[in-house]
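The residues making up each chain are set out below.
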Amino acid sequence: ATQTFLVSVAAFMFLYFAIFWFMRREEETLLYFALVCLLLATRVAFTDERIGYVASPEASWWLVTRLELLSFYALVPTLYRYLQGLFPEQISLRLFHVLSGVFWLTALLVLLTPKTIHNLSLQPYQIMTLAVIIYALVGTVRAILAKEDNATLVMAGVVAIASVRRWHSSIS
C-alpha cells in the first residue's frame, strides 16, 4: 500500500511539473524535476513489492530487471542536473556531463550484457552516487549560506524524502 501511494504521488508530480514545463519551456528545472519524479515512480514500481510487474504481468522479466536498474542509473544525473539548474553558482555543470557519460556507458552495459555481467556495475555506481550526493548536499548548503532563493526549501525537501525513505525501509 505504501509503495502504491509513493508511485501514485510521484506519477502525479511528474504530470504536474511536465505540464508546467510545457507552459514555460525556458525553465529547464521544471523538466528535470518532472523526469526525477518519473524515474522515482518507475524505480519504486519495479523494486520491493514490484507493483509495476503485478500491474503488467505480460512485461518480460528482462525488461523489468533492466527498468529497475536503469531508473536508478538515470536518476543520478537527472537529479544532479535539477539541483545544478537551481544553484548554478554552487554546483558544477561539467560534472553533469561526466555523470551523463557514465550513465550512457552503464546503460549500454545493462542493455547489451547478461545480468551476471551488468550487475557488476551496481556497486561502483552506488559508490559514485554516494559521492555525488555528498557533493550536491555541500553545494546546497553553500547555496543556503549564499542566501540563494529556495535553497532552504530544497534542503527541507531532501531531508523529507530521505526521512520517508528511511521510514519506509524500517517498516519493510
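Basis of the calculations
Residues numbered from 1 in each chain as written. Predicted model: local features only at pLDDT ≥ 70, side-chain atom pairs only at ≥ 80, totals over all residues. Heavy atoms only, no water. Helix = DSSP H or I, 4+ residues; strand = E, 2+ residues; numbered from the N terminus. Buried < 20%, exposed > 50% of the residue type's maximum accessible area, 1.4 Å probe, protein only. Patch = residues over 30% accessible without salt bridge, like charges linked within 9 Å, V, L, I, M, F, W, Y side chains within 5 Å. Areas by Shrake-Rupley, 256 points an atom, 1.4 Å probe, with all protein chains shown as cover. Salt bridge = Lys/Arg side-chain N within 4 Å of Asp/Glu carboxyl O. Core = buried A, V, L, I, M, F, W, Y, C linked by side-chain atoms within 4.5 Å. Contact = heavy atoms within 4.5 Å. 1 Å grid on protein atoms, 1.4 Å probe; cavity = no way out; pocket = protein on both sides within 12 Å on 5 of 7 lines; lining within 4 Å. Points joined across faces, edges and corners; volume = space filled by probe spheres on them. Nonpolar A, V, L, I, M, F, W, Y, C, P; charged D, E, K, R; others polar.

With that settled, the discussion passes to the overall build of the chain. Looking only at helices and strands, the chain has 8 helices and 0 strands in total. Along the chain, helices and strands appear, N-terminal first, in the series α-α-α-α-α-α-α-α. Burial analysis of the chain (172 residues in total) assigns 38% to the buried set.

Attention now goes to a nonpolar patch on the surface. On the surface, Trp62, Leu63, Leu108, Leu111 and Leu112 cluster together to form a nonpolar patch covering roughly 510 Å² of accessible area. Listing elements by their share of the nonpolar patch, those giving two or more residues are helix 4 (61-86) and helix 5 (93-112). Per element, the largest residue contribution to the nonpolar patch is 3 residues, and it comes from helix 5. Following the sequence through the fold, Leu63 ends up in helix 4.

In this structure, Tyr73 and Tyr125 are the most contacted members of the largest nonpolar core, which totals 29 residues. Listed by contribution, the elements that provide at least two residues to this core are helix 2 (28-45), helix 4, helix 5, helix 7 (122-145) and helix 8 (151-171). Discounting chain neighbours no more than four positions away, the residues touching Tyr73 are Phe103, Thr106, Val110, His118, Ser121, Leu122 and Tyr125. With 6 residues, the next largest nonpolar core counts Val7, Ala10, Ala41 and Phe46 among its residues.

The next thing to look at is the layout of surface pockets. Unfilled space is identified by rolling a water-sized probe across the atoms. Estimates place the volume of the second largest pocket at around 300 Å³. Phe17, Phe20, Arg24, Glu27, Thr29, Leu30, Phe33, Tyr82, Leu86, Asn150, Leu153 and Val154 are the residues that line the second largest pocket. Of the residues forming the lining of the second largest pocket, the biggest block, 3 residues, is contributed by helix 2. Across the lining of the second largest pocket, the residue classes break down as 8 nonpolar, 2 polar and 2 charged.

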